[in-house]
Amino acid sequence: QSIVVKGMVIDELGDPLTGVAVSVKGTTTGTITDIDGNYTLPVPDQKAILQFSFVGFITQTITVGERTEINITMLEDVQKLEEVVVVGYGVQKKSHLTGSISKIKGDGLADMPVTRVDQALQGKIAGLSIQNTTSESGVAPQIRVRGMGSLSTGGEPLVVVDGYPVADGLSFVEAADIESIEVLKDAASSAIYGSRGSNGVIMITTKNGNVAKPKYTFNMYHGVKQAYKLHPILDYSDYVGLLYKEAALREQDPSITDPKKWNLATDTERAEYIINTQIFGNNTDWQKEAIRDNAYVSNYQLSVSGGTKEIRYYVSGNYNTDQGMMYHNYYDKFSVRAKMDAQLSKKAKVGVNLNPTYSKRERPSNNYTNFYRFRSWLPIRHTEETAAFTGQPVGSWAQARHFSGKLYSGTMPDGSDWTASKVLDPWTTQDNNPKSVMEGDTRKTHQYRLMANAYFTYQLAKGLEFKTSNGIYINRTKEEAYLASGAKKDGEPNQGTYKSSFVTDILSENTLN
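Now for a description of the structure that goes with this document. Residue numbers here run from 1 along each chain, matching the order of that chain's written sequence. In keeping with the model being predicted, local features are shown solely for residues with a pLDDT of at least 70 and side-chain atom pairs are shown and tallied solely at 80 or more, while totals for entire chains, interfaces and linings include all residues. Only hydrogens and water are set aside when side-chain values are computed; all heavy atoms of the structure are taken into account.

Bringing the packing of aromatic side chains into the picture now. A ring pair, where both rings are aromatic, is described by two values, the distance of the centres and the angle of the planes. Paired rings are identified among Phe, Tyr and Trp, the last through its six-membered ring, by centres lying within 6.5 Å, and are further divided according to the angle between planes into stacked (under 30 degrees), edge-to-face (over 60) and tilted (the rest). Using the criterion set out here, one finds 14 aromatic pairs in the structure. Each ring, one from tyrosine 39 and one from phenylalanine 52, has its centre 5.7 Å from the other, and the planes form 75°; the classification is edge-to-face. Within this pair, whereas tyrosine 39 is found in strand E4 (residues 38–43), its partner phenylalanine 52 is found in strand E5 (residues 49–53), the two being separated by 13 residues in sequence. Ring geometry for phenylalanine 374 versus tryptophan 427: centroids 4.8 Å apart, planes at 75°, classification edge-to-face. In this pair, phenylalanine 374 is assigned in the loop between helix H7 (368–372) and helix H8 (384–390) and tryptophan 427 in the loop between strand E23 (417–419) and helix H9 (434–440), connecting sequence segments 53 residues apart. What links up through ring pairs into an aromatic cluster is the set Tyr300, Tyr319, Phe334, Tyr358 and Tyr448. Lysine NZ or arginine CZ positioned within 6 Å of the ring centre and within 35 degrees of the ring normal marks a charge as sitting over the ring. One Lys or Arg, arginine 381, reaches over the ring of tryptophan 397 and ends 3.6 Å from the middle of that ring. Here the basic side chain of lysine 467 rests over the ring of tyrosine 455, its NZ or CZ set 5.3 Å away from the ring centre. Where helices and strands are cited, they refer to DSSP runs of H or I of at least four residues and of E of at least two residues respectively, numbered from the N terminus.

What follows is the structure in structure tokens.
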């Protein structure tokens, strides 16, 4: 028995859609919605399936069942809509642009095992150069848009997050919260920001809520980092052994008649060989003392979004941690983002955006080069044998100068006995061993950030809209450094340093567009 079904078709904002095709799937029966979005359609029975389709919206199907009134909310199909990009105070269709702008969607950025958004952008946007200047975790890379723009001033581009220019926007925005990123590369596209945009502009748009039931999303990853390869370094027992092998060959060379030129090993090298093989009796792998066997990186993100045609919301919380490959290097970050947009009427809309973050970072006080350049014969801490030879306490930090001013005697690689004719200084460096410096010199940074803004828009007339946007950005940074007694030099007292900075930026924008 035939059934008459009627209803209304609206968009996400509650406005009626005219011209939506409504048909019975598998038949030629159909109609379109009128100017008020209403439709009336006869269907053969309760098993009939209605199909709703409209250009730019996702096609929907629904079984009639026992209902005689079916209302539908059509959702935009972002894959079929013409791509728009954010430019200054508004958006434009990409096909209408004359400036040089690149856009990348946020999908996939959250899957990258990095703690900063700028690291996830490496190699993804033409003309955007992102170069790591250090292997330390949490340190900002060097970012350039189309190369260097000035020789005398900084070359960093301006970063704008949801319409708010912030100096360190790429460091606190979470990849999972990003809807899209636009890079304005030339003067025409970034002119609205004046001299601040002379090095390019990176515009970040974060996610908003949708007209839908609450949607909960949880993302996480956990990874491990390992050193791909260490420098192959010759220890002193092998090095002096090669000098003695060369000496044996030079002794048989008829062109070298002077016995003093047979063996090129110096007295200090012989002393270092004795320390390496007969006093310490071991080698220190300084590279392994600098870096971890396994460094771990983790990220946890929970978000909820949804709303009605009047109110939409997006709330997320994120925690990520990244251990650097070197000891005493880590980066932890906690962040929360809350966005709400409310349609007060057909002409008025209001929204708020809150984003507090906290990050904690420790940087190593010694770089990797200072480790692998150290002699392998030097122990990290004095053993019973080296303590007895140098007069230092067992277990105390071993320094190269502890082995200076001593008389050395021992067996050489060829089996011969050798005794120095005077006291020697095997290695005259005054630097403390890098492990003792790293353990005695700690440097930590705490950053508290808050970005909050609110906007209100009102449509004065068709094609003319007034918008007021007001926000505040707060950044408090605390730096703590502690240097233990004797960490870098003997007799140096304990030192503690505390630095604090507080930055507040207030922005108010009022536009007619």
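Pairing between two strands is assigned when DSSP locates at least 2 bridges connecting them. Strand order in the open sheet formed by three strands is E4-E1-E7, with mixed pairing between adjacent strands. Two strands close off the open sheet at either side, each with one partner strand: E4 and strand E7 (72–73). Pairing of strand E1 (residues 3–10) with E7, which is carried by two bridges, proceeds in the parallel orientation. Among the inter-strand pairings, isoleucine 10 is bridged to a residue of E7, identified as threonine 73.

Right, let's talk about the environment of leucine 121 for a bit. By the element assignment, leucine 121 lies in the loop between helix H1 (117–120) and strand E11 (128–131). C-alpha of leucine 121 to C-alpha of isoleucine 104: the two residues are 17 residues apart in sequence and 9.1 Å apart in space. The contact rule is simple, with two residues in contact once any of their heavy atoms fall within 4.5 Å. For leucine 121, the contacting residues outside a window of four places in its chain are Ile104, Leu109, Leu128, Ile130 and Ile181.

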